[in-house]
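# Observations on the three-dimensional arrangement
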Amino acid sequence: MDLIANLATGFSVALTPANLAFCFLGVLIGTLVGVLPGIAPITTIAILLPFTFTLPPASAMIMLSGIFYGAQYGGSTTAILVNLPGESSSIVTCLDGHQMAKQGRAGPALAIAAIASFFAGTIATIIIAVASVPLSVLALKFTAAEYFSLMVLGLTGSIALAHGSAVKAVAMVLLGLLLGLVGIDVNTGLPRMTLGIGELGDGIGFVAIAIGLFGISELMVALSRPQDRTLLSVALSQLWPSRKELKDCVPAMLRGTAIGSILGVLPGGGAALSSFASYAVEKKTSATPERFGRGAIEGVAGPEAANNAGAQTSFIPLLTLGIPGNAIMALMVGALMIQGIQPGPQVMTAQPQLFWGVIASMWLGNLMLVILNLPLVGLWVSLLRVPYRILFPAIALFCCIGTYSISNSQLDIGLMLLFALVGVFFVKVGAEPAPFILGFILGPLMEENFRRAMNLSRGDPMVFVERPISAALLVLTALLLAVLILPAVRAKREEVFQE
Amino acid sequence: MTRVNTADLAFGLFLMAVAAVALYLIADLPMGSTSRMGPGYVPRALAVMIALIGAFIAGRALVAAGEAFPDIAWRPILLVGAAVGLFGLLLPRLGLAATAFIVVLVAGSASKDMRWKELVTIAALLSAFAVLLFVKALGLPMPVWPVN
């Protein structure tokens, strides 16, 4: 079995003491930022990205991905105990999880959240391992036309799933694509939109943009909101759910895992969407829907399984095709490129240690998270007592040091400041930065593949619909757009994001 | 009372402005043909699309129900912004120890429930922590003390 051999390779990498330590560090930091509202995993990954430069590629990816799925665990803890979603993906966990806590069943709610997450994480790890080989074989057949169409589909997906106005999301994608093109044109060596600044020849620093938009800008906005937290003092007398509760949760966990695994792979998808969809499904299929919102344990198990599965399977397009499906995966591309690795289907064969090591580490990380979360839950909750006024100056300082350390450049700090201010403007006008950062990452790739495809077809745009895989991808894009425009779906979409 | 959707109008105008600047900057780059695209082809196409969408959003805002621009809390924006700017300006001259201290002080004063004594303590601790972690442990090449 290739699969077993591959996983064995993976575990031999992930189980080295150094990588175990980085995995632990990743999930620890992830849990921490998941617990603390106001620091999103995307911010944390952006801040830590520059420091992974000195690590071996596998260790860097193991740690960064640990932060991402670790945050899914941490986010549910605060959602249940404090009714504060630490992350957007735990918003629905608040609904029933916090009700359970109020009824004195905080322990079972936390336990089921951890169990569901671990279960989903295990299945998702297997799915990634099984699906990635055929997918990257398929991807090796891709020519420029297929890559271009795939990226069009990915960007359309990010538009469909952006909060708020779809037109604004389109504008943000296009802005990102345009800014991604700043720098020396690879085909002709001519500088484009560099304002004559030599440093911009390599393009606008990705880390400066990401930390500006997601780190500093978020601080500026968060500080204008009132910072009050009321802690519910819950007794964690009984931790384990009853046998009946566990049994009730199994179907919800299975459905949640399935929903999360599918939605995670979709371009633009990921953890948050998966948990919303799973909650809706559980409520619809339940024999007693009136219990939902009043402490139904399935309402915790389903979404928690879904968000963890979705978080993990969103690695599939990145690992196999080299195309990031959401903004966090775009940061992962950034992390790989810092290491000098061009993400794509060749990574699996050229860097099997990296590829399978990261996958195996996901399962180990999930195991660590269960151990880290259940017994230590009291510790995490006490962290919430750290006031934001102490936390945020530290975040600001780390953002600065992180950005500066990329190339010891004052220009990068200036760009970070500029994009922080632009980011505040985006928030105020209701334009989401996630499609922007995805466009920014894909801009140069998309242009290159577009130009190459058009060159090979001697300027005939029909090449994109004549090649079957490319055509199929474009049909999917068209379907997605059609669905977006349908009035019924539009109303539904707004309704979902309203909640 | 405003008669237009101010936020949308602002975003539309912003998009048109960005597109205009981009078109100006790439005015001299060759377009090429569809089979051999020059460096100006794709950026120009993107800028035109951005301008069109900007015009659409701005136009729609003019006929939409009036909505004022959301309130902006200037204090955190100015103080956190100043802290970031100071970091960039001061680090190469003053070194990390002093710069981190100043940056934390300035950024920290953005919070309404800031307490001076507490803030000075945090600034000192974070400055020491940053030097130990980033320069001593992680070995980032940045000066710790003022450079002459």
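From a predicted model like this one, the values you see are computed outputs, not experimental measurements.

Below, the discussion takes up the overall build of chain B. Scanning chain B for helices and strands turns up four helices and zero strands. Scanning chain B from its N terminus toward the C terminus, one meets helices and strands in the order α-α-α-α. Taking 2.2 N^0.38 as the reference for a compact globule, 148 residues should give roughly 15 Å; the C-alpha atoms of chain B span a radius of gyration of 24 Å, well beyond that estimate. Each principal axis of the C-alpha atoms in chain B carries an extent, and together these give about 55 × 50 × 25 Å. Per-residue burial for chain B yields a buried fraction of 37% across its 148 residues. Considering only intrachain contacts with a sequence separation of at least 6, the fraction spanning at least 24 residues in chain B is 66%.

Moving on: the overall build of chain A. From N to C terminus, chain A includes 23 helices and two strands. The C-alpha atoms of chain A give a radius of gyration of 22 Å, which matches the 23 Å a tight globule of 499 residues would have. Summarising its shape, the C-alpha atoms of chain A cover approximately 70 × 50 × 50 Å along the three principal directions. Considering only contacts within chain A whose residues lie at least 6 apart along the sequence, 80% involve residues at least 24 apart.

If you check the domain split of chain B, you get domain 1 (6-63) and domain 2 (74-137). The straight-line distance from the C-alpha centre of domain 1 of chain B to that of domain 2 of chain B is 39 Å.

Here the focus is unusual backbone geometry. The phi torsion at A:Met193 lies on the positive side, around 50 degrees, for a residue other than glycine. Here A:Met193 lies in the loop between strand E2 (191-192) and helix H9 (206-222).

What follows deals with the interface of chain B and chain A. Chain B puts 56 residues into the contact, and the matching count from chain A is 52 residues. Where the side of chain B that touches chain A is concerned, the elements lending two or more residues are helix H1 (6-25), helix H2 (41-63), helix H3 (74-108) and helix H4 (116-137) of chain B. Grouping the constituent residues of the side of chain B that touches chain A by class yields 44 nonpolar, nine polar and three charged.

In terms of nonpolar packing, the biggest core is built from 225 residues, with A:Leu331, A:Ala396, B:Ile50 and B:Val80 touching the most fellow members. With 18 residues, the single largest contributor to this core is helix H6 (residues 106-140) of chain A. Here this core spans two domains, and each of domain 1 (6-63) and domain 2 (74-137) of chain B adds at least three residues to it. Aside from chain neighbours lying at most four places away, what touches A:Ala396 is A:Ile216, A:Leu219, B:Val80, B:Ala83, B:Val103 and B:Ala107.

This part is about the environment of B:Ile102. Residue and element names in this part refer to chain B. Examined against the element boundaries, Ile102 turns out to sit in helix H3. Here Ile102 falls in the partly exposed class, since 16 other C-beta atoms lie within 10 Å of it. Separated by 16 residues in sequence, Ile102 and Leu86 place their C-alpha atoms 8.1 Å apart. Excluding residues within four positions of it along the chain, Ile102 makes contact with Leu86 and Leu90.

Let us now look at the environment of A:Gly34. Looking at where A:Gly34 falls in the secondary structure, it is placed in helix H2 (residues 17-35). Taking the C-alpha atoms as reference, A:Gly34 lies 19 Å from A:Gly302; in sequence the two are 268 residues apart.

We now examine the packing of H2(A) against helix H4 (residues 57-82) of chain A. In the contact formed by H2(A) and H4(A), the axes pass within 6 Å of each other and the chain directions differ by 35 degrees. Note that H2(A) runs across H4(A); the crossing there is right-handed.

Glancing now at the environment of B:Ala55. Residue and element names in this part refer to chain B. The residue Ala55 is located in helix H2 in this model. Put simply, Ala55 and Ile77 are 22 residues apart on the chain and 29 Å apart in space, counted from C-alpha to C-alpha. Ignoring any residue separated from it by four or fewer positions in sequence, one finds Ala55 in contact with Gly12 and Met16.

Before going further, it helps to examine H9(A). Residue and element names in this part refer to chain A. In a regular helix each residue adds 1.5 Å, so 17 residues correspond to 24 Å; H9 covers 23 Å between its end C-alpha atoms and thus fits that length. Its axis deflected by about 40 degrees at Gly212, H9 carries its strongest bend there. Of all 17 residues in H9, 15 are buried; the element is thus mostly enclosed.

This part is about the packing of H3(B) against H4(B). All names here are of chain B. The contact between H3 and H4 brings their axes to 8 Å, and the two run at 140 degrees. Classified by the interaxial angle, the pair formed by H3 and H4 is oblique. Viewed along their axes, H3 and H4 form a crossing whose handedness is right-handed. Taken together, the residues of H4 that come into contact with H3 (itself represented by Leu96, Ala97, Ala100, Phe101, Val104, Leu105 and Gly108) are Leu119, Ile122, Ala123, Ala124, Leu126, Ser127, Ala130, Val131 and Val135. In the contact of H3 with H4, the residues fall into 14 nonpolar, two polar and no charged.

Reading the values: the criteria
- Residues numbered from 1 in each chain as written.
- Chains lettered and ligands numbered in written order.
- Predicted model: local features only at pLDDT ≥ 70, side-chain atom pairs only at ≥ 80, totals over all residues.
- Helix = DSSP H or I, 4+ residues; strand = E, 2+ residues; numbered from the N terminus.
- Rg over C-alpha atoms; globule rule 2.2 N^0.38 Å.
- Buried ≥ 20, exposed ≤ 12 C-beta atoms within 10 Å, placed from the backbone.
- Contact = placed C-beta atoms within 7 Å.
- Domains from an automatic or database assignment.
- Nonpolar A, V, L, I, M, F, W, Y, C, P; charged D, E, K, R; others polar.
- Core = buried A, V, L, I, M, F, W, Y, C linked by C-beta atoms within 7 Å.
- Axes fitted to C-alpha atoms, helices over the stretch in contact; angles between N-to-C directions.
- Left-handed = near helix turned anticlockwise from the far one by under 90°.
- Expected span 1.5 Å × (residues − 1).
- Bend = angle between axes of the 7 residues up to and from the residue.
- Parallel < 35°, antiparallel > 145°, perpendicular 65-115°, else oblique.

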